[in-house]
Amino acid sequence: MNKTSRIAAFAITLLVPTALVAQAPALPSFEEVDKNRDGSLSQAEVRKYVDKRSRDIDFNRNGRLDPVEIADAVSSMNARQAANYIDLMDRDGDNELSYDEMAQDMPMLFGMADTDSDDLISLEEYVSILAHYGH
Ligand SMILES: [Ca+2]
Ligand SMILES: [Ca+2]
Ligand SMILES: [Ca+2]
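All chains use their own residue numbering, which begins from 1 and follows the written sequence. Written order determines the labels here, with chains lettered from A and ligands numbered from 1. Where local features are concerned, this predicted model is filtered to residues with pLDDT of at least 70; where side-chain atom pairs are given and counted, the filter is 80 or more; whole-chain, interface and lining totals use all residues.

*Asks:* How should I be thinking about the overall build of the protein chain in this particular structure?
*Replies:* Strands are runs of DSSP state E lasting at least two residues, helices are runs of H or I lasting at least four, and both sets are numbered from the N terminus onward. A count of helices and strands for the protein chain gives 8 helices and 4 strands. Per-residue burial over the protein chain gives 24% buried out of 135 residues. By the criterion used throughout, residues are in contact when their C-beta atoms, derived from the backbone, lie within 7 Å. Contacts in the protein chain between residues far apart in sequence, at least 24 positions, make up 53% of those at least 6 positions apart. Residue burial is a threshold on neighbouring C-beta atoms within 10 Å of the residue's own C-beta, all placed from the backbone, with 20 or more meaning buried, 12 or fewer meaning exposed, and counts in between meaning partly exposed.

Here's what the structure looks like:
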């Protein structure tokens, strides 16, 4: 995998809380992200969901995610893998990820998912990107 698709796969892994529900479907439902229930996802809705996921993972509520917090939340990552992930995403070099740093790839991922480029992700587009990168 090239660097971009590796980051994308990592980011999707973080979005999908497999660690939290081992047996249940691992994907956040479309409805969970589609807050205004208009049948499509805007960038703002996706960003809100990502920020909510960041808050859920941020156990000590300091506004940043450290390797232990990420490894705790994502069953497929140990602390070393979480530290590598932070290395990839950390822009200010504090070895933790702010919520902004967590969301920095969202526009790129959004563009990948939005195959018809209407600035919205339809249910069909959502299902197809999860089938590609999810579990
Ligand atoms: Ca924290
Ligand atoms: Ca940082
Ligand atoms: Ca679209």
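*Asks:* Looking at this structure, I do not really get helix H3 (residues 43–57). What am I missing?
*Replies:* Helical geometry note: an α-helix holds 3.6 residues per turn, so side chains three or four residues apart project in the same direction. Expected span of a helix, by definition, is 1.5 Å for each gap between consecutive residues, and there is one gap fewer than residues. Between the first and last C-alpha of H3 there are 21 Å, a value that for 15 residues agrees with the 21 Å anticipated at 1.5 Å per step. Within the sequence span of H3, burial applies to Val46, Val50, Arg53, Ser54 and Ile57. The arc enclosing the buried residues of H3, seen along the axis, measures out at 100°, which places them on a common side. In H3, the exposed positions angled more than 90 degrees off the buried face are occupied by Ala44, Arg55 and Asp56. Note: the arc covers the axis-to-C-beta directions of the helix.

*Asks:* I tried to follow unusual backbone geometry on my own but got confused; where do I start?
*Replies:* Trans peptide bonds make up most of the peptide bonds, and negative phi angles are found at most residues other than glycine. Of note, the phi angle at Arg61 is positive, near 55°, even though the residue is not glycine. Position of Arg61 relative to the elements: it lies in the loop between H3 and strand E2 (64–65). Residue Arg61 is classed as exposed on the basis of its 7 C-beta neighbours within 10 Å. A positive phi angle is found at Asn95, which is not glycine, with a value near 60°. For Asn95, a count of 12 C-beta atoms within 10 Å puts it in the exposed group.

*Asks:* What is the right way to read the confidence of the model for the protein chain from this model?
*Replies:* In low-pLDDT segments, the atomic positions of the prediction should not be examined closely. Averaged over all residues, the pLDDT of the protein chain equals 84, while 78% of them reach at least 70. Note on scores: pLDDT gives the predictor's confidence for each residue, bounded by 0 and 100. Across residues 17–25, confidence stays below pLDDT 50; counting only partners more than four residues off in sequence or on other chains, it has 8 contacts.

*Asks:* Any chance you could explain the environment of Met89 here in plain terms?
*Replies:* By secondary structure assignment, the location of Met89 is in helix H5 (residues 79–89). For Met89, a count of 19 C-beta atoms within 10 Å puts it in the partly exposed group. In the structure, Met89 is positioned 13 residues away from Met102 in sequence and 7.2 Å away in space, judged by C-alpha atoms. Leave out the neighbours within four places in its chain, and Met89 touches Leu97, Glu101 and Gln104.

*Asks:* Before we go on, may I ask you to explain the packing of H3 against helix H7 (residues 106–113) in this structure?
*Replies:* When two helices pack together, their arrangement is given by the angle between their axes and by how far apart the axes lie. For helices, the fitted line uses only the C-alpha atoms of the stretch in contact; every axis is such a line through C-alpha atoms, and the angle between N-to-C directions lies from 0 to 180 degrees. Contact geometry for H3 and H7: axes closest at 11 Å, N-to-C directions at 125°. It follows that H3 is oblique to H7 by the angle criterion. Here the hand of the crossing between H3 and H7 comes out right-handed. Of H7, the residues touching H3 (which contributes Gln43, Val46, Arg47 and Val50) are Met106, Pro107 and Phe110. Of the residues in the contact of H3 with H7, the class split is 5 nonpolar, 1 polar and 1 charged. To sort the angles, those under 35 degrees are grouped as roughly parallel, those over 145 as roughly antiparallel, those from 65 to 115 as roughly perpendicular, and the leftovers as oblique. Rotating anticlockwise by less than a right angle from the far helix to the near helix defines a left-handed crossing, while the corresponding clockwise rotation defines a right-handed one. Gly counts as polar in this scheme, as do all residues outside two lists: the nonpolar Ala, Val, Leu, Ile, Met, Phe, Trp, Tyr, Cys and Pro, and the charged Asp, Glu, Lys and Arg.

*Asks:* Explanation requested: the nonpolar core in the structure shown.
*Replies:* Where a protein is soluble and globular, its nonpolar side chains tend to be buried together. The nonpolar core is taken to be a set of buried Ala, Val, Leu, Ile, Met, Phe, Trp, Tyr and Cys residues joined by way of C-beta atoms within 7 Å. Ranked by internal contacts, the top residues of the largest apolar core, which has 18 residues, are Leu65, Ile70, Met77 and Met102. If you list the elements that add at least two residues to this core, you get H3, helix H4 (67–73), H5, helix H6 (99–103) and H7. A per-element tally of this core places H3 first, with 3 residues. Setting aside residues up to four positions removed in sequence, Met77 forms contacts with Ile70, Ala71, Ala82 and Tyr85.

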